[in-house]
Amino acid sequence: MDSFAQQRRPIDNSISLADVRAQVHKLEAELREKDIPLSGRIIQVCHYLPVTCAFTRRPRPEDIPSPPATPPAKASDIPPSPVESQHGDSALPAPLGAAPEKPSAQWSLAVRYGHSAMVSGIDSLAATHEQILVGWTGDIQASSAAVPPLAATAASGPADPPTSKVPVSELSEDDKKELETLLQEYKSRDEPQDGKKIHYVPVWLDDKDAHGHYDGYCKQTLWPLFHYLLWQDVATEYASADTHWAPYAAVNAAFARRVAEVYRPGDLIWIHDYHLLLVPSLLRQALPDAAVGLFVHTPFPSSEVFRCLPRRKEILDGMLGANLICFQTYSYSRHFTSSCIRVCGYEVTSRGGIDVQGHVAAIGYCPVGVDADRVAKDTLRPGIQPKLDALRALYEGKKIIVGRDKLDVVKGVVQKLRAFEKLLQDYPQWIGNVVLIQVTSPALTDSPKLERQVSELVAHINGEYGSLDFIPVHHYHQTIKKDEFYALLSVADLGVITPLRDGMNTTSMEFVISQERSKKSPLILSEFMGISSNMTEALQINPWNLSEVAAAMHRGLTMSDEEKLRRHQQLYKTVTTHTSHTWAAMLAKKLLERLGSQNMARQTPFIPKPELEKHYIKAKKRLFLFDYDGTLAPIVKIPSAAVPSKETLEALEALTADPKNVVYIISGRDGEFLEQHLGHIKNLGMSAEHGGFIREPGQSTWSNFTQSLDMSWMSEVLEIFKYYTERTTGSHIEVKKSSITWHYRSADPEWGLFQCHQCQDLLENNLARKRPIEVLVGKKNLEVRPLAVNKGEIVKRILYFNPDAEFVFCAGDDKTDEDMFRALLLFPQGATKARLDPPLSVTLLASSKDEADQYRPVDLAIERDAVFTTAVGHSSKRTLAVWHVTTPEEVVEHMLHLVRATDEASAASSNL
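Quick caveat, the model's predicted, so the values are computed rather than measured.

Undergrad: What is the right way to read the overall build of the protein from this model?
TA: In terms of regular secondary structure, the protein is built from 32 helices and 33 strands. Expressed as a percentage of the 912 residues in the protein, the buried residues total 52%. Look at the contacts in the protein between residues 6 or more apart in sequence, and 76% of them connect residues 24 or more apart. Carbon and sulfur atoms provide 52% of the accessible area of the protein, an area that totals close to 42,200 Å².

Following this line, the structure appears as structure tokens:
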């Protein structure tokens, strides 16, 4: 998926919720037929639970102050009461058969407002799936009743406020379990009555970590960055983007642990938003086979902005642990892909996924909507009509422009006010005939500077264009009630929503639904909103261009009824089709599709050390076959810098020192590089240029397999590569004796990939059809080599001359190494013995045809279980290998483990 070719797919307005649910049901049936486990559950991981929790501790004996001490009684001649002497105290016995008193409830739950679209989508999924909603409890609220009344009056100092927070550290395990039990019984009002259960699972966070995570890293670093602001632009004092990284990582780890606790095989996991971007990778490590999706509700910035983040690689790697990453719009998904390519240097697959060491994360987009049915019902509330009539009477004879935004720097309130001033300036006929009603709800963090700026601008416009009987701008900085809100949307002649950057904006969709029973008024939307790409019939503007916004306002106010109706009908269809319910069902569908893809269908297991060690110690002769780049040394930007580590050299020297071992490096590197870095290791065999040359263990000369081949094609390939090198800054050509490679690792990653695809197409469709050559796409390179030469042929040659080998360990990381794994598929279905015909790599070096004919098939001593083909990369990597390890370091660690195991076995046998 390169940006020079991929086109955005238009949103389908014809699909319905019933259609999506039918597709989900069909996909689940198909997956079960393939024996892919499905539990029927979806785990939704959100920052907050959709409930607030308040705690009132039951009075404990130590909390209740004792009355004054009773004076000592004088001695009495009256004998003690028989009851008192029987019971030992004055307490009355409990009535027989009485139930123990039930402790009073300590917890109370209430609906948490906010994120209504996401929550309604999750609720709607309960119609088809059981769900587990994992989230933070939020701050635990405490009322003054938490302190016994008597103790409260006795306490010194000022009285506590009506509500305060209960530190999590003060809650006992029993308190937490009590809330968890209460949450199990909780049911929100929007859950389907006959639907499946939603289980609410709290994540308990240390208060300091919770606020460092949310108020710190999320709100001071990530949120500004994702809205094209750097942290220093929104900070009131010196800001470091790394200050709150530790609590962000700690909270993400706590969420991942909680999800792992409730996970069952076959569950689908959806993680929501930028608060939890590290959770996918942490879950991938803890639950390698889990199907994990990540949905980012905010915008995702251009790679040029995102790369400013100090922890950019950690964030991207955290996200890429998911099987599917979804965004609001196609452009956000492109920005993310570009960031992965440019910041991390990852490859893009042919289907547009990101390849991270063989694990492919698919990238998609799916816009969120509102609960259209719920909003439509809300517009019929009985309290709306009186307020609607009052507004019409108040502004009779005037056009009404309505805006409702949070007072945030990115919501564009200042730009909207300036554009309204421009409307009155450029179109003076509107003075006295149009009013702007702007409601600003308080933001999560107060911005006195912005509040002052808005107030001054409102006063300026009203002073410049107002009069005793006309006020152009009515600004209300408050949270308005639902009835007032819908009355305002319904009475509007024009809706104006002008964020400088926004993901999903529910007000725009609520405006369209409110206008269905009203005036069908037009809507002005900022082109920088995620939702604007779907709402194409709105008047779209650049909020920075004040003349354009003013002109759009004039056009909206003077629009004909026919055009208003046409635009409204299209917008209404979009808003009522792409609802929060459809969005949630689409996410389930997309993850099921990903689960059924070939990439996830087969997970390669991690190589088992005990099994490896057992076969290694038992074998009398062993073969070790290693690729170099990406297997023994990590991939680096400058190929010459990929030198073997101290541990790698130690492992190779130890293995080759054992006379039972035959060790080969089978690399795409040329012989000169291999000799320079590994030539000093005695008894190490080497094959260079993907099998074009071989140097046997203990020898110093190289055998050339290409001597008898037609190599005249190299000059033609060189000319083609030169053409693309001239047009791709940073690329270069590497000419070897048996192959030729074009490298673009130092070029612009997206342009280099595009040029690579163009060059590959030219070679495969023209030259490769006429010449005996093969075109290989590697990691940031394109290689052309003879058809008769590959790593698989070398592996067959080594096996042919070592038929008595009883153990084979073969490791590689890329497509060229699949030839080695293919050559080691020695056992046909059901066979227990392996037989090998003379390979081309043996007959090619024969001096004559007669000598070549002398080679006969050989029987191999190897058993099926003693062949350890091992791919380096993620377990979901498509490979012919039987086992996998994740990194080159793990390959080396396994080699050293085998050496130590042999030494321990030898020491044990010598002590007997």
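Anyway, onward from the coordinates.
Undergrad: So what exactly am I meant to see when it comes to a negative patch on the surface here?
TA: On the surface, Glu647, Glu650, Glu653 and Glu889 cluster together into a patch of negative charge. If one sorts the elements of the negative patch by residue count, helix α24 (residues 646–657) sits on top with 3 residues.

Undergrad: Is there a simple way to think about the sheet that holds strand β26 (residues 740–743) in this case?
TA: Either a parallel or an antiparallel arrangement is found when strands of a sheet pair, and the pairing is made through backbone hydrogen bonds. Ordered in space as β25-β26-β28-β27, the 4 strands form an open sheet in which the pairing is antiparallel. In this open sheet, the two strands that pair with only one neighbour each are β25 (732–735) and β27 (773–778). Direction aside, the axes of adjacent strands within the sheet are offset by 15 degrees on average. Relative to strand β28 (residues 781–786), β26 runs antiparallel, the two sharing 4 bridges. Within β28, the residue paired with threonine 741 across the bridge is glutamate 783.

Undergrad: Explanation requested: the pattern of salt bridges in the structure shown.
TA: Side chains carrying opposite charge are able to pair once their charged atoms draw close together. According to the stated counting rule, one finds 41 salt bridges in the structure shown. The partner of glutamate 716 in a salt bridge is arginine 771, with the nearest N and O atoms 2.5 Å apart. In this pair, glutamate 716 sits in helix α26 (residues 713–726) while arginine 771 sits in the loop between α27 (749–770) and β27, placing the two residues 55 residues apart along the sequence. We classify glutamate 716 as partly exposed; its relative accessible area is 30%. When salt bridges that share partners are traced, they join Arg334, Arg342, Asp748 and Glu750 into one network.

Undergrad: Where do I start with the pairing of strand β14 (residues 399–406) in this structure?
TA: Note on strand geometry: in a regular strand, side chains alternate between the two faces of the sheet. In the sheet, β14 pairs with strand β15 (residues 434–441) via 8 bridges, with the strands oriented parallel. Bridge pairing in β15 places lysine 399 opposite valine 434. Taken together, β14, helix α15 (residues 413–426) and β15 constitute a β-α-β crossover, and its handedness is right-handed.

Undergrad: Would you mind going over the pairing of strand β7 (residues 198–203) with me for this structure?
TA: Taken across its 6 residues, β7 has 6 buried, putting it largely inside the fold. Neither face of β7 is exposed, since Ile198, Tyr200 and Pro202 on one face and His199, Val201 and Val203 on the opposite face are all buried. Both strand β4 (residues 130–136) and β7 contribute to a ladder of 6 bridges, which runs parallel. When the sheet's bridge partners are listed, isoleucine 132 is paired in β7 with histidine 199.

Undergrad: Please clarify how the sheet that holds β15 should be interpreted in this entry.
TA: Strand order in the open sheet formed by 6 strands is β16-β15-β14-β17-β18-β19, with parallel pairing between adjacent strands. Sheet topology places β16 (473–477) and β19 (539–541) at the edges, where each strand pairs with a single neighbour. In this sheet, neighbouring strand axes are inclined to one another by 20 degrees on average, regardless of whether the strands run parallel or antiparallel. Alignment of strand β18 (residues 523–526) against β19, held across 3 bridges, turns out to be parallel. Directly across from serine 526, in β19, lies its bridge partner isoleucine 541. Relative to β19, helix α19 (residues 546–557) is tilted by about 170 degrees, and along the sheet it contacts β14, β15, β17 (494–497), β18 and β19.

Calculation criteria
- For every chain, the first residue of the written sequence is number 1, and numbering continues from 1 along that sequence.
- Residue-level local features of this predicted model are given only where pLDDT is at least 70; pairs of side-chain atoms are given and counted only at 80 or more, and the full residue set underlies all totals for whole chains, interfaces and linings.
- By convention in this description, side-chain values take in all heavy atoms of the structure and omit both hydrogens and water.
- Comment: elements are numbered from the N terminus, with helices defined as DSSP H or I runs of at least four residues and strands as E runs of at least two.
- The rule is simple: take the accessible area with a 1.4 Å probe, protein chains only, and divide by the maximum for that residue type; under 20% is buried, over 50% is exposed, in between is partly exposed.
- The contact rule is simple, with two residues in contact once any of their heavy atoms fall within 4.5 Å.
- The Shrake-Rupley method, run with a 1.4 Å probe, gives the accessible areas here. Residue values count only the displayed protein chains as cover.
- Patch membership is restricted to residues that have no salt bridge and whose relative accessible area is over 30%. Joining uses 9 Å for like charges and 5 Å for the nonpolar side chains Val, Leu, Ile, Met, Phe, Trp and Tyr.
- What makes a salt bridge here is a side-chain nitrogen of Lys or Arg within 4 Å of a carboxyl oxygen of Asp or Glu, nothing more.
- A positive count includes Lys and Arg, and a negative count includes Asp and Glu. His and the chain ends are not counted in either.
- Note on charges: their place is set at NZ of Lys, CZ of Arg, CG of Asp or CD of Glu.
- In this analysis, strands are considered paired if DSSP registers two or more bridges between them.
- Think of each axis as a best-fit line through the C-alpha atoms, taken over the contacting stretch in the case of a helix, with angles from 0 to 180 degrees between the N-to-C directions.
- Crossovers are described as right-handed under a simple rule: with the strands pointing away from the observer, the path leading from the first strand over the helix to the second runs clockwise.

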